[in-house]
Amino acid sequence: MNKIVIKLSLSLFAFGITNVVSAQQVDKKVLNWYNGAAGMQTEKAYKAVKKKESTTVIVAIIDSGVDIEHEDLQDKIWTNTKEIAGNGIDDDNNGYIDDIHGWNFLGNSKGENANDMRLEKTRILAKLSKKAASESLTSEEQALLDEVKKSVEEDRAEYEGYLAQIEMMGPMIANIPSMVASEIGKENYTMKDLQKWKAPAEKAQMKQIAIAIMNGDLSEESMKAQKEQIQGMLDTHLNPDFDGRAIVGDNPDDFNDKVYGNNDVEGPDALHGTHVGGIVGAIRGNKKGGDGVANNVLLMSLRAVPNGDEFDKDIALAIRYAVDNGASVINMSFGKSYSPHQKEVYEAFKYADSKGVLCVHAAGNDHKDIDTEPNFPTSVYSFQDKKLDHFITIGSSTRMTEEKLPSSFSNFGQKTVDVFAPGSEIYNSVPQSDYATLQGTSMACPMVAGAAAFLKSYFPNKSMKEITEVILKSSRSYKGVQQTHPATKAMVDFGTLSVTGGVVDLYNAVMMLMAEENGK
């Protein structure tokens, strides 16, 4: 999956999440910045449509699950009116019993849920290794086996190195404050004292660690959490012998085996999906958290993204479920480097395309060129004749419009990334009616899903194809503007990073559509 972006701090892993805080505590520069001038100009767009009526738009959130009881998502959750809650009967005959608010493709009929999964390359490694033990592999299979084996081994070595660093850092963290106090000559030093300290080159890391300790980024608790997180990745994501799918009980390679899962649309870890859902449609103006982009939406929760890589089958079935149950927009904040069932997933996208449903996909957080290194699902498969009309891929932008506009983690591609949208420092909902700041193309993606829903809501006569075209055409262009390249860190033309060379601008889109209405 496209993880919440991992930020490297002192060469250690740490998810891009701040402490859970209230709207009153969050940095005012961060709160709702994505709706302002540096973001998508959402607030200005609302002023422009204040005299227009809006219609309700359904947005499907294919993700880790959504906390449907969150205080900031009240009355924003889609309900299947054709189903009678709790009667244990498939009232609408769609194959899913009691699918009141969506469906969970990562569970079983007993109500049990799977969460931790292997990466796709680890699943391929396990499958091909087992096959190679009893029969000869084709040359293509052998090449793939060698490739994924090398990749998994490299990842394991890297993460084991991080664990070793954490072990070394423990005693250092305990001793740093007294060491710094000795250097500064002040026992109860402040952050201002630290920043003023002109540390010699050999003490630069000491200063960096001291700052991290003081601002709360580095502590014994955080180091313990990071250690557990990395060990968990070694035990599950990169462990060929681990099979987290077993609890589901289906055959993930058989797309005709559709009767599985349950109606628990939140699941055991809905942080990612709840944040994504909040970006699309959290209640606006209640001062409880970040405001959603679209005010008249219903969120359909489709749990198909585990802690690890998603399965192609779950994604394909979730897309078809969303289309068949009235979604106009499908948010897809996930992705992976390998996809064994590309044609089946593509057929699901073709189905959505034929029904006029927009699929919005996150570009990924590996700061790589996905024109040459695909992040699946992709807008253009190798066997695909032409790009679909209802599929767009989103890169992540920051609030730093001068020189640092593209997020340092964001994937890019002049052919395959359509447009950028705010994805850094995004404050919004997380489970248990809390709020946190996350970042990633996972956050940029629902910005655009929300923008599309907003436009469809206020301009219901426009098709999703027309709305998609307007979103891209009206994006705020930075072509010709020098920005820091996510991968090389050199200064490059922002226009080389995506098809449009722009950032989504909802106000511009509204002005364009209103001009069309007025015949201008």
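The shown structure was predicted, so the numbers you read here are calculated from the model rather than taken from an experiment.

Undergrad: I would appreciate a short explanation of the pattern of salt bridges in the present structure.
TA: Pairing is possible between side chains that carry opposite charge, provided their charged atoms lie close to one another. A complete count under the given rule lists 23 salt bridges for this structure. Where K313 meets D250, a salt bridge forms, and the shortest distance between an N and an O atom there is 2.7 Å. A residue pair is termed long-range when its members are at least 10 positions apart, and K313 in helix α8 (residues 312–324) and D250 in the loop between α6 (220–235) and α7 (271–281) qualify at 63 residues. Where E516 meets K462, a salt bridge forms, and the shortest distance between an N and an O atom there is 2.7 Å. With E516 in helix α12 (residues 506–517) and K462 in the loop between α10 (441–458) and α11 (464–473), the pair connects residues that are 54 residues apart, well separated along the chain. By relative accessible area, E516 is classed as partly exposed at 39%. Several salt bridges converge on common partners, so that one network encompasses R245, D250, D257, K313 and D314.

Undergrad: Help me out: how do you make sense of the packing of aromatic side chains in this one?
TA: Remark: the centre distance and the inter-plane angle together describe each pair of aromatic rings, the angle taken between the planes. One pass over the full model with this rule turns up 17 aromatic pairs. A ring pair is formed by Y346 and Y381, whose centres lie 6.0 Å apart and whose planes are at 65°; its orientation type is edge-to-face. Placement of the pair is Y346 in helix α9 (residues 342–354) and Y381 in the loop between β5 (358–362) and β6 (391–397), with a sequence separation of 35 residues. In this structure Y346 comes out as buried when scored by relative accessible area, which is 12%. Ring centres of F454 and Y458 lie 4.9 Å apart, and the angle between their planes is 45°; this geometry places the pair in the tilted category. On the criterion of helical spacing, the pair formed by F454 and Y458 is a turn pair, its members being four residues apart in helix α10. In terms of burial, F454 and Y458 fall into one category: buried. Among the aromatic side chains, those forming a connected cluster through ring pairs are W78, Y96, W103, F105, Y260 and Y321. Directly above the ring of F311 sits R123, whose terminal nitrogen or CZ lies 3.7 Å from the centroid. The ring of F311 carries R245 above its face, with NZ or CZ at 4.4 Å from the centroid.

Undergrad: Quick question: what am I supposed to make of the state of the cysteines here?
TA: By definition, a disulfide links the sulfur atoms of two cysteine residues through a covalent bond. Enumeration over the complete set of coordinates arrives at zero disulfides. Considering cysteine sulfurs only, C445 is the nearest to C359, which forms no disulfide, with 9.9 Å between them.

Undergrad: Would you mind showing me how to read α10 here?
TA: Along an α-helix, a turn takes 3.6 residues, which lines up residues three or four apart on a common side. Taking 1.5 Å per residue, 18 residues should reach 26 Å; α10 reaches 26 Å between its end C-alpha atoms and fits that length. Burial runs high along α10: 18 of the 18 residues are buried.

Undergrad: Would you mind going over the nonpolar core with me for this structure?
TA: Nonpolar side chains in soluble globular proteins generally cluster together in the buried interior. Counting residues in each nonpolar core, the largest one holds 54 residues, and the members touching the most others are V360, F454 and L455. Top contributing element to this core by residue count: α10, with twelve residues. Here V360 is in contact with V329, I330, N331, M332, I392, I394, C445, V448 and A449, once residues within four sequence places are set aside. Ranked by size, the runner-up nonpolar core spans 41 residues in total, among them A348, A352, C359 and F376.

Each value, and the rule that gives it
- Residues numbered from 1 in each chain as written.
- Predicted model: local features only at pLDDT ≥ 70, side-chain atom pairs only at ≥ 80, totals over all residues.
- Heavy atoms only, no water.
- Salt bridge = Lys/Arg side-chain N within 4 Å of Asp/Glu carboxyl O.
- Helix = DSSP H or I, 4+ residues; strand = E, 2+ residues; numbered from the N terminus.
- Buried < 20%, exposed > 50% of the residue type's maximum accessible area, 1.4 Å probe, protein only.
- Phe/Tyr/Trp six-rings, centres within 6.5 Å; stacked < 30°, edge-to-face > 60°.
- Lys NZ or Arg CZ within 6 Å of the ring centre and 35° of its normal.
- Disulfide = S-S within 2.5 Å.
- Expected span 1.5 Å × (residues − 1).
- Core = buried A, V, L, I, M, F, W, Y, C linked by side-chain atoms within 4.5 Å.
- Contact = heavy atoms within 4.5 Å.

Nothing here speaks to function; it is all geometry.
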